[in-house]
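Report on the structure
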Amino acid sequence: MSTATVTRTPRGADKVRPDPRTRSQRRRNAALGLLAWAVALMFFLPVAWMVLTSFHAESDAATNPPSLMAPLTLDSYREFFGAGGGASPWPPLLNSVGASLISTALVLLLAIPAAYALAIRPVEKWRDVLFFFLSTKMLPVVAGLLPIYLFARNAGMLDNIWLLILLYTSMNLPIAVWMTHSFLAEVPVSLIEAAQLDGAKLSTILLRVIAPIAGPGIAATALICFIFSWNEMLFARVLTGVTAQTAPAFLTMFITSQGLFLAQLCAASFIISLPVLAAGFAAQDKLVQGLSLGAVK
């Protein structure tokens, strides 16, 4: 009967030593995390400064260097909403809401069928068509301002909210077609062919087959078009007066010959930014999911 020799291993020899590459990867991730926080703070600080200034009195907001510990007040917000007898902000805000929502709806109604024709049923030289759409965004807005102004004046459409809706629709349509094409290209063609074999019409295919799959991408496109329309100021400033004035054009009223009302301007800017911030926060999951589908490749 043979006896087996048992070899003892040194204590702790069975522990796995950490890989140097893993430690360097952790350091790299930590450095990237710190860099991301630094960039986020760099973009957040101006917004925080604007909000803080909006709660200061005009005399404190105009000090140089700025006074961080100045007493807080709501006077600027009261002035913005017309407590001091100034112009009411509600008509410009309602004009911005109407122009942004209606133009975004029109953009989607036109962009989705166009993207369907280019992605699912591509025409000949569809890439050239897409690049033509994108090339229209390369024209400087100022270059088309005078012709559009002359057209609006001769057509009697100055200070008309429908002129802004038409302009916002035409300005956002190229980028919407480009983005929606990327989203619809991810839809499996087999699903569309199966729906066609079952006798589904084009409207049914768009609503029940394509929309659920490309829904995040369409939501991201709608949000971006809404933001572009809401923030547009050049056409709104030149082509409108009182009736069709939008919220960004309303901000210029705080820069007068008497000086810059900085606290009121910050309060107005913060309030006017709230709808865009709320829409972005509500649709942030759809926005991230939609953009990751291939809109920015």
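So, a few notes on the structure that sits alongside this text.

Axis separation between helix H7 (residues 161–184) and helix H9 (residues 202–231) bottoms out at 10 Å; the angle between their running directions is 150°. When the interaxial angle is binned, H7 and H9 end up roughly antiparallel. The chirality of how H7 crosses H9 is right-handed. Where H7 approaches H9, its residues Tyr168, Asn172, Ala176, Met179, Thr180, Phe183 and Leu184 are matched on the opposing element by Ile210, Ala214, Gly217, Ile218, Thr221, Ile224, Cys225, Phe228 and Ser229. Here the residues of the contact of H7 with H9 sort into eleven nonpolar, five polar and no charged.

Let's shift gears to the pattern of salt bridges. Overall, the coordinates contain one salt bridge when judged by the stated rule. Note that Arg78 and Asp75 form a salt bridge whose closest N and O atoms lie 2.8 Å from each other. Residue Arg78 and its partner Asp75 are located together in helix H3 (residues 75–80), separated by three residues, close to a single helical turn. Look at Arg78 and you get partly exposed, because its relative accessible area is 44%.

Let us look at the nonpolar core. Ranked by internal contacts, the top residues of the largest apolar core, which has 21 residues, are Tyr116, Leu184, Ile192, Ile205, Ile210 and Ala214. Among the elements of the structure, helix H4 (90–119), H7, helix H8 (189–197) and H9 are those that each provide at least two residues to this core. A total of eight residues in this core trace back to one element, the largest contributor, which is H9.

For the rest of this paragraph, the subject is unusual backbone geometry. Non-glycine residue Asp159 carries a positive phi angle of around 55°. With respect to the secondary-structure elements, Asp159 resides in the loop between helix H6 (145–154) and H7.

Definitions and limits used
Residues numbered from 1 in each chain as written. Predicted model: local features only at pLDDT ≥ 70, side-chain atom pairs only at ≥ 80, totals over all residues. Heavy atoms only, no water. Axes fitted to C-alpha atoms, helices over the stretch in contact; angles between N-to-C directions. Helix = DSSP H or I, 4+ residues; strand = E, 2+ residues; numbered from the N terminus. Parallel < 35°, antiparallel > 145°, perpendicular 65-115°, else oblique. Left-handed = near helix turned anticlockwise from the far one by under 90°. Contact = heavy atoms within 4.5 Å. Nonpolar A, V, L, I, M, F, W, Y, C, P; charged D, E, K, R; others polar. Salt bridge = Lys/Arg side-chain N within 4 Å of Asp/Glu carboxyl O. Buried < 20%, exposed > 50% of the residue type's maximum accessible area, 1.4 Å probe, protein only. Core = buried A, V, L, I, M, F, W, Y, C linked by side-chain atoms within 4.5 Å.

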